[in-house]
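Remarks on the overall topology
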Amino acid sequence: MTENSDNDMAPPIVLFNTSMLKSSGKPKSIVWGNYIKQEKQISKGHWSVTCNYCNQFWYKGSPAALEEHLSNSCKNVPPDVHDLFLNRLTAKALEVGMSKSKKRKLGNQVQLSDFIESTKLTPEHIKDINRALVKAFVVCGIPFHIIENPFFIELLKTLCLAYEPSSNNIFSGRYLAQETAFANQMIIKKLNGSKNLTITCDGWSNSSNDSIWNFVIYTPDRCQYLWCLRNLSNEKHTQKLLAEEIANVLENIGPEKFSAVVMNLGANIKAACRIIAKQYPNILNLRCISHMVNLISRDICKTPFANRMLTRYNTVVSYFKRNYLADLTLKILAEENLVEGGGLKRWVDTRWHTMYDCVFSIIRHKVPLEIIHNRDNINVSVQSVLRTRAFFDDLYAIAFVLRPIKITISILESRNCSLSNCFVGLVRLEAAIKRLPENDYRSFRQ
Ligand SMILES: [Zn+2]
């Protein structure tokens, strides 16, 4: 089966795997003609097709895949068509559940099979398990191929002997599409009655090196909804393109419902936000404040003094991370000296506020490191760093300044913070810098 997809992902994420769908004996799908253009016949009952709205092409399109595209993935689909297919997809997923409740209404008599685990599961029970699995896989970030792993199948069999899991393709295709449609419908319902929404977007590279962008909507009651993911690998991320993508989302939901666009990225995205604010005067163009505070910690770490200290810090930490015998000795000494909070920490490049944890981890190990640095088997460069005059005092000065930033970022990332938290955090930072001794850290204070 071949399926050409540009991975154009407007309301969410899923592309269908058409090989799993039955095509025989069903009435002609409503997708043909008005919504999807049939082109060349590939084989009996199979056509190459193009979406009338976004021009996405499928070498061999199936009605189910195309309906799923129109309800979950098409970026240019008009709202009424989108609603139509979204309702169809969720109705299909609900069919079994409905028949189950109808049956219950018809006969109140309790079946013996309700109590004894049957060797054959009812379709509604299978559907419930499938839905629960899809949700667990997505929310816990478990790759879908795990469903075919013999150990995972054994686990499922232990929990429910009669359950036969479907293939990876069906899970990541049909079932995921149905769950996505459910989620989309709920999000649309929630956003329909909302006002003062905020939109934000961010981009990253996935494991296949595709450039994925998310568009997230925040409501005034601090709920956040992933509106869509877009694969922009084949496009240049110009301000014009990004502004179009944001405008697309705004138009889908209703631009009048929004009051702010918040971004934290480079020049192109800032320029895109300016275009949006100009195009929609009701939408304020704001910067992400926790990102700004994060940038302050990066600026602090860039100062010559902090930079020099962090290079020395790196020499020490890298040595202990590489040399397991030295690391073991350090761990034993740390235990003997009641050092708490774990071993030496490395920092995460993209999260500068972790710098405080790293610096503080070495301060916590001051006693064991002072004992260890005189031993012959320790690397010479590590010894010379640890013997540098006032090495720990200087690290303490950096940690002292970085601490308020770390606290401020943790508060800003929490769900119930307000701008006053940010203000107080910045005041604390200023106070910390002012309290550094003037003579020793003059250049650092500046
Ligand atoms: Zn389309």
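In case you missed it, the structure is sitting above this.
Residues numbered from 1 in each chain as written. Predicted model: local features only at pLDDT ≥ 70, side-chain atom pairs only at ≥ 80, totals over all residues.

1. Quick word on the overall build of the chain
Heads up, the rule is: Numbering of helices and strands runs from the N terminus; a helix is a DSSP stretch of H or I covering at least four residues, while a strand is a stretch of E covering at least two. The burial criterion counts other C-beta atoms lying within 10 Å of a residue's C-beta, which is placed from the backbone; the residue is buried at 20 or more, exposed at 12 or fewer, and partly exposed between these limits. This entry defines residue contacts through backbone-placed C-beta atoms, with two residues in contact when those atoms are within 7 Å.
In terms of helices and strands, the chain carries 16 helices and 8 strands. Burial status across the chain gives 28% buried among its 446 residues. The contacts in the chain between residues at least 6 apart in sequence include a share of 62% that link residues at least 24 apart.

2. Structural notes on the sheet that holds strand β2 (residues 46-51)
Selection rule: We call two strands paired when DSSP finds no fewer than two bridges between them. The axes are straight lines fitted to the C-alpha atoms, using for helices just the contacting stretch, and the angles between their N-to-C directions are given from 0 to 180°.
Taking strand neighbours across the sheet as the criterion, the 3 strands line up as β1-β2-β3 in an open arrangement whose pairing is antiparallel. Since the sheet does not close on itself, it has two edges, and those belong to β1 (36-43) and β3 (57-61), each with one partner. Across the sheet, the mean angle from the axis of one strand to that of its neighbour is 25 degrees, orientation sign disregarded. Pairing analysis gives 3 bridges linking β2 to β3, with the strands arranged antiparallel. The residue of β3 that forms the bridge with tryptophan 47 is glycine 61. Packing against the sheet, helix α1 (residues 63-73) makes contact with β1, β2 and β3, and its axis sits at approximately 150 degrees to β3.

3. Remarks on helix α8 (residues 289-302)
Operational definition: The span one expects for a helix is its residue count, reduced by one, times 1.5 Å. Here the arc refers to the directions that run from the helix axis out to each C-beta atom.
Its 14 residues give α8 an end-to-end C-alpha distance of 20 Å, which sits within 8% of 20 Å, the value for a rise of 1.5 Å per residue. Among all positions in α8, only Val293, Asn294, Ile296, Ser297 and Ile300 are buried. On an axial view of α8, the arc spanned by its buried residues comes to 145 degrees, and they lie on one face. Exposed side chains of α8 directed beyond 90 degrees from the buried face belong to Arg298, Asp299 and Lys302. Its buried side turned inward, α8 meets α9 (304-322), α11 (354-364), α14 (391-412) and α15 (419-434).

4. Things to note about the packing of α1 against helix α5 (residues 168-192)
How we decide: It is the rotation of the near helix from the far one that decides the hand of a crossing: anticlockwise by less than a right angle makes it left-handed, clockwise makes it right-handed. In the scheme used here, Gly and all other residues not listed as nonpolar or charged are polar, with Ala, Val, Leu, Ile, Met, Phe, Trp, Tyr, Cys and Pro taken as nonpolar and Asp, Glu, Lys and Arg as charged.
Contact pair α1 / α5: the axes reach a minimum separation of 10 Å and the direction vectors enclose 30 degrees. Every pair of crossing elements has a handedness; the one defined by α1 and α5 is left-handed. Contacts from Glu68, Ser71 and Asn72 of α1 reach α5 at Ala177, Thr180, Ala181 and Asn184. A breakdown of the residues in the contact of α1 with α5 according to their chemical character gives 2 nonpolar, 4 polar and 1 charged.

5. A closer look at the sheet that holds strand β5 (residues 211-218)
Note: strands within a sheet are paired through backbone hydrogen bonds, in either parallel or antiparallel orientation. Here 5 strands make up an open sheet; going across it, the order is β6-β5-β4-β7-β8 and the pairing mixed. Taken across any chain shown, the strands that pair with only one partner, and hence form the sheet edges, are β6 (224-231) and β8 (284-287). The average undirected angle you get between the axes of adjacent strands in this sheet is 25 degrees. When strand β4 (residues 197-205) meets strand β7 (residues 258-263), the two strands line up parallel, connected through 4 bridges. Looking at the pairing, threonine 200 lines up with valine 262 of β7. In the packing of helix α6 (residues 239-253) onto the sheet, the strands contacted are β4, β5, β6 and β7, and the crossing angle to β4 comes to about 140 degrees.

6. Some details on the nonpolar core
To keep it simple, the criterion reads: For our purposes the nonpolar core covers buried Ala, Val, Leu, Ile, Met, Phe, Trp, Tyr and Cys residues that link as a set through C-beta atoms within 7 Å.
Residues Tyr313, Val316, Val359, Leu395, Ile398 and Leu402 are the most contacted members of the largest nonpolar core, which totals 33 residues. When contributions to this core are tallied by element, the ones reaching two or more residues are α8, α9, α10 (324-336), α11, α12 (366-372), α13 (380-386) and α14. Contacts of leucine 395, omitting those with residues within four sequence positions, involve Met309, Tyr313, Val359, Ile362 and Ile363. Ranked by size, the runner-up nonpolar core spans 23 residues in total, among them Val49, Leu66, Leu89 and Ile147.

7. Overview of unusual backbone geometry
Despite not being glycine, asparagine 55 has its phi angle at roughly 65 degrees, a positive value. Here asparagine 55 is to be found in the loop between β2 and β3. With 11 C-beta atoms counted inside 10 Å, the residue asparagine 55 sits in the exposed group. In this structure, leucine 338 takes a positive phi of about 55 degrees despite not being glycine. Relative to the assigned elements, leucine 338 resides in the loop between α10 and α11.

8. Some words on the environment of valine 138
Locating valine 138 in the fold gives a position in helix α3 (residues 123-139). As for valine 138 and serine 172, which are separated by 34 residues in sequence, their C-alpha atoms are 9.7 Å apart.

9. Section: the packing of α8 against α9
Applicable threshold: By definition in this entry, angles of less than 35 degrees are roughly parallel, angles greater than 145 are roughly antiparallel, angles of 65 to 115 are roughly perpendicular, and the rest are oblique.
Put simply, α8 and α9 touch, their axes get as near as 5 Å, and they point 80 degrees apart. With respect to α9, the element α8 is oriented roughly perpendicular. Facing α8, whose interface residues are Ile300, Cys301 and Lys302, α9 presents Ala306, Asn307 and Leu310. Partitioned by chemical class, the residues of the contact of α8 with α9 number 4 nonpolar, 1 polar and 1 charged.

10. Observations concerning the pairing of β7
Direction of pairing for β7 relative to β8: parallel, over a ladder of 4 bridges. Paired with methionine 263 across the two strands is arginine 287, which belongs to β8.

11. Thoughts on α9
Helix length check: α9, at 19 residues, gives a terminal C-alpha distance of 27 Å against a target of 27 Å (1.5 Å per residue), a fit within 8%. When we look at burial in α9, the residues that qualify are Ala306, Met309, Arg312, Tyr313, Val316, Val317 and Phe320. Along the axis of α9, the buried residues cluster in a sector spanning 135 degrees; they form a single face. The exposed residues of α9 that point more than 90 degrees off its buried face are Pro304, Asn307, Arg308, Thr311 and Arg322.

12. Observations regarding the environment of glutamate 148
Tracing the backbone shows glutamate 148 in the loop between α3 and α4 (150-159). The class for glutamate 148 is partly exposed, based on 14 C-beta atoms found within 10 Å. Counting along the chain gives 20 residues from glutamate 148 to asparagine 168, while the straight-line C-alpha distance between them is 6.4 Å. Among all residues touching glutamate 148, those that are not within four sequence positions of it are Ser167 and Asn168.

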